[in-house]
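Overview (structure and organization)
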Amino acid sequence: MANLIDGKQVSATVKEQVKQETENLFQKYGKRPALAVVIVGNNPASRVYVNNKKKACEMVGFQSFEYALPEDTTQEELLELVQTLNADENINGILVQLPVPKQIDENAIINAISSEKDVDAFHPENVGKIMIGDYAFLPCTPAGVMELIHATGIEISGKKCVVIGRSNIVGKPMAMLLLHESGTVTICHSRTQDLPSVTREADILVVAIGKANFVTADMVKEGAVVIDVGMNRLENGKLCGDVNFAEVEPKASWITPVPGGVGPMTIAMLMKNTLTAFKKQNNLF
Ligand code: BQF
């Protein structure tokens, strides 16, 4: 029987700290962090995520400004908005909700965001810093996963860590963060041969492949820590992770639920990054 890692609770603690510090800074300097949230088109999942981010801003005492652009927005129009926000001294963080419609080159947009306002840490300069271990901004989802692992009290150093998924947003930076805490890290993906034989070795298994119920009991070592980054919407409307929770839970020592696991942590780490951006831009370190 596994212990549940409560992402709602851990994220509430992180947001509470951000809120406290924000309030202290406001008392001292009369200014609050401000986040610009850009959404292009009408993807219903993106709408939910943007609303979660705006709600979190309100909770921690930030200002947030939403820029909702139509589905047929051109790349030039979006670049122009990003440049305006880059130049706006009253905006500390800029977030363009992904994915963007297909006529827009995602990388062109990410590259255009000022690296100092890049609270998602997707800009190549910030990605490079993550690789070196110089965390200007934390990659939100991987950093949230690290907080959840820390919450278990399980030591990462020396442990076999397996990450399933190699995306730029989750898998790759996740592997880096585990490596920086001296995990022995393996990254698996769609071409990995005999995946179960690799994942069965994992003391810490982080799953981010985007396939509902993909990880089954036979793929997990007895006593492993299992972190489920998956967010799959089933036909019945229910949210479901990449891990078959019912099967895997009895084998794991610790496991995250979906919802209420990694998702809330992603939002909390975004708040932390926005506070960091605000402090840097105002020389408050
Ligand atoms: C929860 C995301 C895939 C692709 C793009 C809380 C969120 C989700 C779940 C949330 C996600 C996933 C976000 C829960 C932001 C996490 O209670 O379990 C919060 O808002 N997320 C995103 O912005 O883009 C994504 C997943």
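In this text the structure is predicted, and so the values were computed from the model without any measurement. (Residues numbered from 1 in each chain as written. Predicted model: local features only at pLDDT ≥ 70, side-chain atom pairs only at ≥ 80, totals over all residues. Heavy atoms only, no water.)

**Side note on the sheet that holds strand S4 (residues 93-96)**
Put simply, the test is: Two strands form a pair only when DSSP identifies at least two bridges running between them. Here a strand is any run of E in DSSP of at least two residues, a helix any run of H or I of at least four, and the numbering for each starts at the N terminus. In this analysis an axis means a line fitted to C-alpha atoms, helices contributing only their contacting stretch, and an angle means the value between N-to-C directions, from 0 to 180 degrees.
In space, the three strands of this open sheet follow the order S3-S2-S4, with parallel pairing throughout. Only two strands of the sheet have a single neighbouring strand rather than two, namely strand S3 (63-69) and S4. The average undirected angle you get between the axes of adjacent strands in this sheet is 15°. As paired elements, strand S2 (residues 34-40) and S4 share four bridges and run parallel to each other. Of the residues in S4, the one forming a bridge with Leu35 is Gly93.

**Concerning the layout of surface pockets**
Counted only if it meets this: Detection works on a 1 Å grid of protein atoms alone, calling trapped sets that fit a 1.4 Å probe cavities and calling open sets with protein on both sides within 12 Å along at least five of seven lines pockets, with lining residues defined by an atom within 4 Å of a point. Grid points are joined across faces, edges and corners, and a volume is the space filled by probe spheres set on the points. In this count, Pro and Cys sit with the nonpolar residues alongside Ala, Val, Leu, Ile, Met, Phe, Trp and Tyr, while Asp, Glu, Lys and Arg are called charged and the others, Gly among them, polar.
When its volume is computed, the largest pocket comes out at roughly 1,400 Å³. The dominant element in the lining of the largest pocket, judged by the number of residues it contributes, is helix H2 (residues 44-60), at nine residues. Considering only enclosed or pocket space, the second largest pocket measures out at about 390 Å³ in volume. In terms of lining, the second largest pocket is formed by 17 residues, of which the most central are Phe122, Val127, Asn168, Ile169 and Pro173. Class assignment of the residues belonging to the lining of the second largest pocket gives a composition of 11 nonpolar, three polar and three charged.

**Topic: the state of the cysteines**
Put simply, the rule reads: By definition, disulfides here are pairs of cysteine sulfur atoms that lie within 2.5 Å.
Evaluated as defined, the whole model comprises zero disulfides. Cys161 supplies the cysteine sulfur nearest to Cys188, a cysteine that is in no disulfide, at a spacing of 12 Å.

**Side note on the site of the ligand**
We apply this condition: Put simply, a residue is near a molecule or strand once any heavy atom of it comes within 4 Å of that molecule or strand. Polar contact criterion, stated in full: a pair of N or O atoms within 3.5 Å, where within protein one must be able to donate a hydrogen and the other to accept it, and residues adjacent in sequence count only if both atoms are side-chain atoms. Accessible surface area values rest on a Shrake-Rupley calculation with a 1.4 Å probe, where residue burial reflects the displayed protein chains alone. In this scheme, a molecule is assigned to a cavity or pocket if more than half of its atoms are within 2 Å of the grid points.
Around the ligand, a shell composed of Tyr49, Asn52, Lys53, Gln97, Met231, Pro259, Gly260, Gly263, Pro264 and Ile267 is seen. Within the side chain of Lys53, one N or O atom sits 2.6 Å away from an oxygen atom of the ligand. In the complex, 73% of the free accessible area of the ligand, which totals 530 Å², lies under the protein chains. The site holding the ligand turns out to be the largest pocket.

**Quick look at the sheet that holds strand S8 (residues 225-228)**
Inclusion rule: The contact criterion used is simple: two residues touch if any of their non-hydrogen atoms lie within 4.5 Å.
The sheet built from six strands is open, its strands ordered S1-S11-S8-S7-S5-S6 with parallel pairing. Here the strands that pair on one side only, and so sit at the sheet edges, are strand S1 (3-4) and strand S6 (184-188). The strands touched by helix H7 (residues 171-180) are strand S5 (160-164), S6 and strand S7 (204-207); relative to S5, the strand with the most contacts, the crossing angle is about 170°.

**Notes on empty space enclosed by the protein**
Within this structure, the stated rule accounts for one cavity of 30 Å³ or more. In terms of lining, the largest cavity is formed by Ile94, Leu95, Val96, Leu98, Ile109, Ile110, Ile113, Asp118, Asp120 and Phe122. Tallying contributions element by element places S4 first for the lining of the largest cavity, with three residues. In the lining of the largest cavity, the residues fall into eight nonpolar, no polar and two charged.

**A word on the packing of helix H5 (residues 124-132) against H7**
For clarity, the threshold we go by: Should an angle fall under 35 degrees it is called roughly parallel, over 145 degrees roughly antiparallel, and 65 to 115 degrees roughly perpendicular, with every other angle called oblique.
Across the interface, H5 lies against H7 with an axial gap of 9 Å and an inter-helix angle of 30°. Relative to H7, the element H5 is oriented roughly parallel. Across the interface between the two elements, Ile130, Met131 and Ile132 from H5 touch Met176, Leu177 and His180 from H7. For the contact of H5 with H7, the per-class residue count stands at five nonpolar, one polar and no charged.

**So, the pattern of salt bridges**
What counts is decided by this rule: Salt bridge, as used here, is a side-chain nitrogen of Lys or Arg placed within 4 Å of a carboxyl oxygen of Asp or Glu. Burial classes follow relative accessibility: with a 1.4 Å probe on protein chains only, a residue under 20% of its type's maximum area counts as buried, one over 50% as exposed, and anything between as partly exposed.
Inspection of every chain in the model, using the stated rule, returns six salt bridges. Of the charged contacts in the structure, one is a salt bridge between Glu201 and Lys160, with a shortest N-O distance of 3.2 Å. With Glu201 in the loop between helix H8 (195-199) and S7 and Lys160 in strand S5, the pair connects residues that are 41 residues apart, well separated along the chain. On the basis of relative accessible area, Glu201 is assigned to the partly exposed category, the value being 41%. Salt bridges here are not isolated pairs; linked through shared partners, they connect Arg47, Lys54 and Glu66.

Purely spatial values, then, with no claim about function.
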